[in-house]
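Examining the three-dimensional arrangement
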Amino acid sequence: MTARFVLLVVAKAPVPGFAKTRLCPPATPAQAAEIAAAALLDTLDAVCAVPGAAPVVAMTGDLGAATRGAEIGLALRRATVIPQRGWDFGTRLANAHADAAAVHAGLPILQIGMDTPQVTPGSLAAAIAPIVRHGHDSVLGPAADGGWWALGLADPRRAQVLAGVPMSRDDTGARTLRALVACGLEPWQAAELSDVDTMTDARGVALDCPDGRFARAVAAVRGRAVA
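As a starting point, this report considers the structure included with it. (Residues numbered from 1 in each chain as written. Predicted model: local features only at pLDDT ≥ 70, side-chain atom pairs only at ≥ 80, totals over all residues. Heavy atoms only, no water.)

Here's the deal with the overall build of the protein chain
How we decide: Put simply, DSSP marks the helices as runs of H or I at least four residues long and the strands as runs of E at least two long, and each gets a number from the N terminus on. Buried residues are those whose accessible area, probed at 1.4 Å on protein chains only, stays under 20% of the maximum for their type, while exposed residues exceed 50% and partly exposed ones sit between those limits. Accessible surface area values rest on a Shrake-Rupley calculation with a 1.4 Å probe, where residue burial reflects the displayed protein chains alone.
Looking only at helices and strands, the protein chain features seven helices and seven strands. Listed by position from the N terminus, the elements making up the protein chain come as β-α-β-α-β-α-β-α-β-β-α-β-α-α. For the protein chain, with 227 residues in total, the buried portion stands at 50%. By element, 55% of the accessible surface of the protein chain is carried by carbon and sulfur atoms, the whole surface being about 10100 Å².

Right under this line is the structure:
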């Protein structure tokens, strides 16, 4: 099938002591890294099952030191892997769009992270549909914490506005929306999702995807099944 759009995942190797540290406590560093690895693997499964998508992963960190590194390495064979580059997160996001566009010239891009393992092939297809089916120039998927979980751009060059947006704040979503509008875009709002920063977030998200690796990893923190 000919690719109609790029699905870009911005990911970090789940190294114990560096991945999902806000889950600790109650999680140990090893458990937090296991949760991060499970989230990435579940996300990659969903991304690679979306019809018409060209999967690209912008990766940072030492996969050799990561939890489930070998399994993640195998999963990444289904995608084009590019390194993250830049001095802050906003710049790395902007560069990831540019580098993905260089690999798949002329295609729109939907970018997500590895913090929403509840995504499905259907929800991802729905998030990009306003661009590929209805002619919208952009899509922004708000996160419940005030950030955003998805950004779609018909013209990936517009992602350069991200370099000027402070990330990981409770007003990052609003600031990103203002930046997109200021450069002439009219973003369509995708469905809101909760991403995973704290253990409370993780338990809530696990309820939305109870059959995946992520839910099992979250349940293991206290040794009980997710109900």
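A look at helix α4 (residues 121-132)
To keep it simple, the criterion reads: By definition here, a helix of n residues has an expected span of 1.5 Å times n minus one. Only heavy atoms enter the contact rule, under which two residues are in contact if any of them lie within 4.5 Å.
The end-to-end C-alpha distance of α4, which contains 12 residues, comes to 15 Å, matching closely the 16 Å that a straight helix rising 1.5 Å per residue would cover. Looking at the buried side of α4, the elements it contacts are β1 (5-12), α1 (29-48), β4 (109-112), β5 (138-142), β6 (148-153) and β7 (188-189).

What to know about the state of the cysteines
To keep it simple, the criterion reads: The criterion for a disulfide is a pair of cysteine sulfur atoms lying within 2.5 Å.
For the structure on display, the rule yields zero disulfides. Its sulfur unpaired, Cys-24 is 19 Å from the next cysteine sulfur, which belongs to Cys-209. Judged by relative accessible area, Cys-24 falls into the partly exposed class, the value being 26%. The exposure class of Cys-209 is buried, given its relative accessible area of 12%.

Here's the deal with the environment of Asp-197
Note on placement: Asp-197 falls in the loop between β7 and α6 (199-208). The class of Asp-197 is buried, set by a relative accessible area of 19%. Here the alpha-carbon distance between Asp-197 and Arg-22, two residues 175 residues apart in the chain, equals 6.3 Å. If we ignore the near neighbours within four places in the chain, the residues touching Asp-197 are Lys-20, Arg-22, Leu-23 and Asp-145.

Examining the packing of α1 against helix α2 (residues 69-76)
Just so we agree on the cut-off: Here an angle of 0 to 180 degrees is reported between the N-to-C directions of two axes, which are lines fitted to C-alpha atoms, with helices fitted over the stretch in contact. Put simply, angles under 35 degrees are roughly parallel, angles over 145 are roughly antiparallel, angles from 65 to 115 are roughly perpendicular, and the rest are oblique. By convention the crossing between two helices is left-handed if the near helix lies anticlockwise of the far one by an angle smaller than a right angle, and right-handed if it lies clockwise.
At their nearest, the axes of α1 and α2 sit 10 Å apart, and the two run at 20° to each other. Judged by the inter-axis angle, α1 sits roughly parallel to α2. As α1 packs across α2, the resulting crossing turns out to be left-handed. Seen from α1, the contacting residues are Ala-37, Leu-40, Leu-41 and Leu-44; seen from α2, they are Glu-71, Ile-72, Ala-75 and Leu-76.

A closer look at the environment of Thr-176
The condition is simple: For this analysis, a polar contact is any N or O atom pair within 3.5 Å, provided that within protein one partner can donate a hydrogen and the other can accept it, and provided that sequence-adjacent residues contribute only side-chain to side-chain pairs.
Within the secondary structure, Thr-176 is located in helix α5 (residues 172-182). Here the alpha-carbon distance between Thr-176 and Leu-151, two residues 25 residues apart in the chain, equals 9.6 Å. Among the polar contacts made by the side chain of Thr-176, one reaches the main-chain carbonyl oxygen of Thr-172 at a distance of 2.7 Å.

Description of the nonpolar core
Quick reminder of the rule: We call a set of buried Ala, Val, Leu, Ile, Met, Phe, Trp, Tyr and Cys residues a nonpolar core when their side-chain atoms join them within 4.5 Å.
By size, the foremost hydrophobic cluster in this structure holds 36 residues, and its most contacted members are Leu-7, Val-57, Leu-124 and Trp-149. Among the elements of the structure, β1, α1, β2 (53-60), α2, β4, α4 and β6 are those that each provide at least two residues to this core. Ile-82, Leu-107, Ile-109 and Leu-140 belong to the second-largest nonpolar core, a separate cluster that totals 24 residues.

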